[in-house]
Amino acid sequence: MSNFQVLTIEGDPIFRLGLRVACEQYPDLQVVAEVSTATEALRVLEARSIDSGAAKKPADLVILAVETLNLRSGQTEALAFCRKLKSLYPNLPLLLLGGPLTAELLAESQATGANGYCPKGRDISLTIEAIRAVASGLTYWATDTGANSEIELNAAVVQTVENYAAIADKNADNSTVDTPVHKKMLAYFCRSGLREIDATLAVVQADLQEIRAAEPTDLPSILDGVVLSGRRRELLAARWIVSQLLFEGKGEKAEGRRQKAEGIKQRIEGENLLNNSQSQLANSQVLAESLAVATNWQNSLFDSVVAKLQFDLVNLTGLPLEIDILRSPKKLELMSSILRKFKDLLEELRFSQVQETQLSQKMPAILRDLWQATIIDFFGRYYTLQTEEKPSFDGSQTSLKLGESQGGSPAYLLAGSGVEVVPMLLADADVVAAEILDKIPMTVEFFAHLLFEIPLTVDNISCVAGSPEAMQRSEALLENLAIQVASGVVQPLLNNLANIEEIKQIFYDGKLISTREIERFRNDLSWRYSWDRYFVEPKAIFESRFWLFVLGDSGIKKISIYAPRNLELAQLSGWQLALTLVLETRDAIAPRVRAVISLLGAAVVYVLTQVIGRGIGLIGRGVIQGIGNSLQDSKFGKNG
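Residues numbered from 1 in each chain as written. Predicted model: local features only at pLDDT ≥ 70, side-chain atom pairs only at ≥ 80, totals over all residues. Heavy atoms only, no water.

1. A closer look at the overall build of the protein chain
No. 1: Check the secondary structure of the protein chain and you find 20 helices and 14 strands.
No. 2: Looking at the protein chain as a whole, 41% of its 640 residues qualify as buried.
No. 3: Taking as baseline every contact in the protein chain between residues at least 6 positions apart, the subset at least 24 positions apart corresponds to 73%.
No. 4: If you sum the accessible surface of the protein chain, you get close to 34,900 Å²; carbon and sulfur atoms cover 55% of it. (Helix = DSSP H or I, 4+ residues; strand = E, 2+ residues; numbered from the N terminus. Buried < 20%, exposed > 50% of the residue type's maximum accessible area, 1.4 Å probe, protein only. Contact = heavy atoms within 4.5 Å. Areas by Shrake-Rupley, 256 points an atom, 1.4 Å probe, with all protein chains shown as cover.)

Shown next, in the form of structure tokens:
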């Protein structure tokens, strides 16, 4: 079965996420890009056209949500985009996805060159059928009124349920919560503001990328880059604030609707007013809105991290990281893959109903699953290297060697000269887990915060989910997790395939492709891990802190956060324990030594200034007086 690469254009991030999750349930569908505006879509298609070459299409299908371009209220803009898209990419299938359309609008959509139309609100299997049909080169036009009638009927049922709830609430003894008019207006303006902020942010990011790609040296261009960076920070801050306002409004609205649903269930029990299908529809609507509210702050968290990935991930820490060897596009692709797989992992954990008390025990397996899923997604499950020399395997090194004798071929060494990359990288799971994955800090607390909204402890203060302090700490933990997992993905590549030319051409940065530079880079990494193991980590444990790698405006930075580590301190032994004792001894002796040195210094200064200095001053004064007397005597002798 063919794998279809899909590009989605949808302004609503929740619907965009739902569409991607739905497509990922089918192995033949892959969402390769998600954008919110038509301008971003054209930019992504242009970039993918350059990467794929003239012989391939930038994607197998473009899905356009018609509400994004106001097809129903201002169809000129949407139709113009469809014409422009088909003129630039005449062989690229286009599927419209949206609300019910009239026959006239359907005819106009067909005239622009669109290959299909599917209404929203249909069963997901029908939507997937439409996606596969259009991606395969067929056409799909939902001209039957059944889908539209079903959507209108569902809307009418929901309206009936809400009307009955309102009537029942008036007669209830206990008052229920309803959303005030000003809250509804606030939510409306917040959503509109978010769309405007996202559009402006996309333009600013594109301009800033162009300036940084040009590497300007003149002062005006440098100042333009500084101004755009500041504007980007302001837009991100404004987006976060508006998201918080929208989240609070949705929280009150969902709480009110939950109470309404409970009141409806109590009041209409035994009555035959609504049939079973209508009740199920109402309950599903309330459940969906509750889920959207619960994950709103998490979407803001992921959006903030994704926004930072739009720039070059330059390492500003002064320490070598495995991802430093990758080209900038590959860094972005790897980090994006990690975030996607991390979202999928959270959904799977929720579906599996993992308990909070089980997280500590399951965390090593969870992190290893994230690492394995990222390797498969980044390299491709069936990616095979074709080497000119006969490959052989040195079991003592756990790495691939070329041109050496072998005692036995591992399973990933195929007949001939083929080498399956993914199985070979996954064979280093124990090494990567011991060196990187198991050392990622605060993973249990972070997962508990995301899955169960357990408050995070920030500087000994408990911060609830969604609060500014918890969001800031969660963002730092998520960025550090992504960077560490990315390092874990690249580490087995460096251990086994560091000098393979095909790997160099596809993945490596141009400055690190010579054998000498690669070996120097690997040696620097080895020294860094040894230094961290024997010096940095024991000192951090003794100082009750964790070091995190985070994303800044200019690249990757290193920060420290406070965290109690008494249990780890009690488990130190050998050189690590000796280092902490040396630090403790220094802390105990250093203040006293400094005090003694300061006292001796003060004594020396006193002797030099008050004793010796005054003595020298008296001697100098006597000499000057003697000279003066001699001059006076000689003067009087001449006069006499």
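2. Remarks on unusual backbone geometry
No. 1: Residues other than glycine seldom take positive phi values, yet Gln353 does so here, at roughly 55°.
No. 2: Among the structural elements, Gln353 can be located in the loop between helix 11 (328-352) and helix 12 (359-379).
No. 3: The exposed category is assigned to Gln353, whose relative accessible area is 59%.
No. 4: Phi at Glu453 is positive, roughly 55°, even though this residue is not glycine.
No. 5: As for its placement among the helices and strands, Glu453 is situated in the loop between helix 15 (443-452) and strand 11 (456-458).
No. 6: Owing to a relative accessible area of 37%, Glu453 belongs among the partly exposed residues under this scheme.

3. Regarding helix 16 (residues 468-497)
No. 1: The terminal C-alpha atoms of helix 16 lie 43 Å apart, and with 30 residues this matches the ideal 44 Å at 1.5 Å per residue to within 8%.
No. 2: Of all 30 residues in helix 16, 26 are buried; the element is thus mostly enclosed. (Expected span 1.5 Å × (residues − 1).)

4. Some details on the packing of helix 16 against helix 18 (residues 515-542)
No. 1: Orientation of helix 16 relative to helix 18, taken along the N-to-C sense of each, is 125°, at an axis distance of 11 Å. Classified by the interaxial angle, the pair formed by helix 16 and helix 18 is oblique. Judged by the twist between their axes, the crossing of helix 16 over helix 18 is left-handed. Contacts between helix 16 and helix 18 pair Gln491, Leu494 and Asn495 from the former with Phe521, Arg522, Leu525 and Tyr529 from the latter.
No. 2: Here the residues of the contact of helix 16 with helix 18 are counted per class, giving four nonpolar, two polar and one charged. (Axes fitted to C-alpha atoms, helices over the stretch in contact; angles between N-to-C directions. Parallel < 35°, antiparallel > 145°, perpendicular 65-115°, else oblique. Left-handed = near helix turned anticlockwise from the far one by under 90°. Nonpolar A, V, L, I, M, F, W, Y, C, P; charged D, E, K, R; others polar.)

5. What about the nonpolar core?
No. 1: Residues Leu334, Phe342, Phe379, Phe447, Ile503 and Tyr508 are the most contacted members of the largest nonpolar core, which totals 77 residues.
No. 2: Here this core takes 14 residues from helix 16, the largest share from any one element.
No. 3: Contacts of Phe342, omitting those with residues within four sequence positions, involve Phe302, Leu370, Phe446, Phe447, Leu450, Leu478 and Leu481. (Core = buried A, V, L, I, M, F, W, Y, C linked by side-chain atoms within 4.5 Å.)

6. A closer look at the packing of aromatic side chains
No. 1: Under the criterion given, the structure shown has nine aromatic pairs.
No. 2: Residues Phe378 and Phe379 carry aromatic rings whose centres are separated by 4.9 Å and whose planes lie at 80° to one another, so their mutual orientation is edge-to-face.
No. 3: In this structure Phe378 comes out as buried when scored by relative accessible area, which is 7%.
No. 4: Aromatic pair Phe535 and Trp575: ring centres 5.6 Å apart, planes at 70°, arrangement edge-to-face. In this pair, Phe535 is assigned in helix 18 and Trp575 in helix 20 (residues 574-639), connecting sequence segments 40 residues apart.
No. 5: Above the ring of Tyr529, the side-chain terminus of Arg528 is found at 4.9 Å from the ring centroid.
No. 6: If you follow Lys558 out to its NZ or CZ, it ends over the ring of Trp547, 4.9 Å from the centre. (Phe/Tyr/Trp six-rings, centres within 6.5 Å; stacked < 30°, edge-to-face > 60°. Lys NZ or Arg CZ within 6 Å of the ring centre and 35° of its normal.)

7. As for the pairing of strand 13 (residues 545-551)
Residues in a regular strand point their side chains to alternate faces of the sheet.
No. 1: Among the seven residues that make up strand 13, five are buried, leaving the element largely enclosed by the rest of the structure.
No. 2: Bridging between strand 13 and strand 14 (residues 556-562) involves seven bridges; their strand directions are antiparallel. Across the sheet, residue Arg545 finds its bridge partner in strand 14, namely Tyr562.
No. 3: Once strand 13 ends, the chain turns through four residues before running back antiparallel as strand 14, passing Gly555 with a positive phi of about 155°. (Pairing = 2+ DSSP bridges.)

8. Let's talk about helix 15
Residues three or four positions apart in an α-helix share a direction because the helix packs 3.6 residues into each turn.
No. 1: Most of helix 15 is tucked away: seven of the 10 residues are buried.
No. 2: Along helix 15, the positions that sit buried rather than exposed are Thr443, Phe446, Phe447, Ala448, His449, Leu450 and Leu451.
No. 3: Tucked into the core, helix 15 has its buried residues touching helix 10 (296-308), helix 11, helix 12, strand 11, strand 12 (461-463) and helix 16.
No. 4: Immediately beyond the C-terminal end of helix 15, within one or two residues, lies Glu453, with a positive phi of roughly 55°.

9. Digging into a nonpolar patch on the surface
No. 1: Taken together, the side chains of Val604, Tyr606, Val607, Leu608, Val611, Ile612 and Ile616 define a hydrophobic patch exposed on the protein surface, amounting to about 660 Å² of accessible area.
No. 2: Relative to the helices and strands, Val604 resides in helix 20.
No. 3: Assessed through its relative accessible area of 46%, Val604 is described here as partly exposed. (Patch = residues over 30% accessible without salt bridge, like charges linked within 9 Å, V, L, I, M, F, W, Y side chains within 5 Å. Salt bridge = Lys/Arg side-chain N within 4 Å of Asp/Glu carboxyl O.)

10. A few points about the environment of Ser136
No. 1: Mapped onto the secondary structure, Ser136 falls in the loop between helix 5 (124-135) and strand 6 (140-141).
No. 2: Each C-alpha atom of the pair Ser136 and Pro93 lies 8.6 Å from the other, and the pair is 43 residues apart in sequence.
No. 3: In terms of polar contacts, Ser136 uses its side chain to reach the backbone carbonyl oxygen of Arg132, at 2.7 Å. (Polar contact = N/O pair within 3.5 Å; in protein donor to acceptor, adjacent residues only side chain to side chain.)

11. Examining the side chain of Thr317
No. 1: Residue position: Thr317 is located in the loop between helix 10 and helix 11.
No. 2: Residue Thr317 is classed as buried on the basis of its relative accessible area, which comes to 19%.
No. 3: Of the polar contacts made by the side chain of Thr317, one reaches the side chain of Asn315; its length is 2.6 Å.
No. 4: Those residues within four positions of Thr317 in sequence are excluded, and the remaining contacts are Phe549, Ile556, Lys557 and Lys558.

12. Some details on the confidence of the model for the protein chain
For residues with low pLDDT, the predicted coordinates do not support detailed interpretation.
No. 1: The predicted model of the protein chain has a mean per-residue pLDDT of 76, with 74% of residues at 70 or higher.
No. 2: Within the protein chain, the element-level pLDDT minimum falls on strand 9 (residues 399-402), averaging 37, and the maximum on helix 12, averaging 94.
No. 3: Confidence drops under a pLDDT of 50 for residues 68-74, and excluding neighbours within four residues, the segment shows 18 contacts in the predicted structure.
No. 4: Confidence drops under a pLDDT of 50 for residues 145-179, and excluding neighbours within four residues, the segment shows 41 contacts in the predicted structure. (pLDDT = per-residue confidence, 0-100.)

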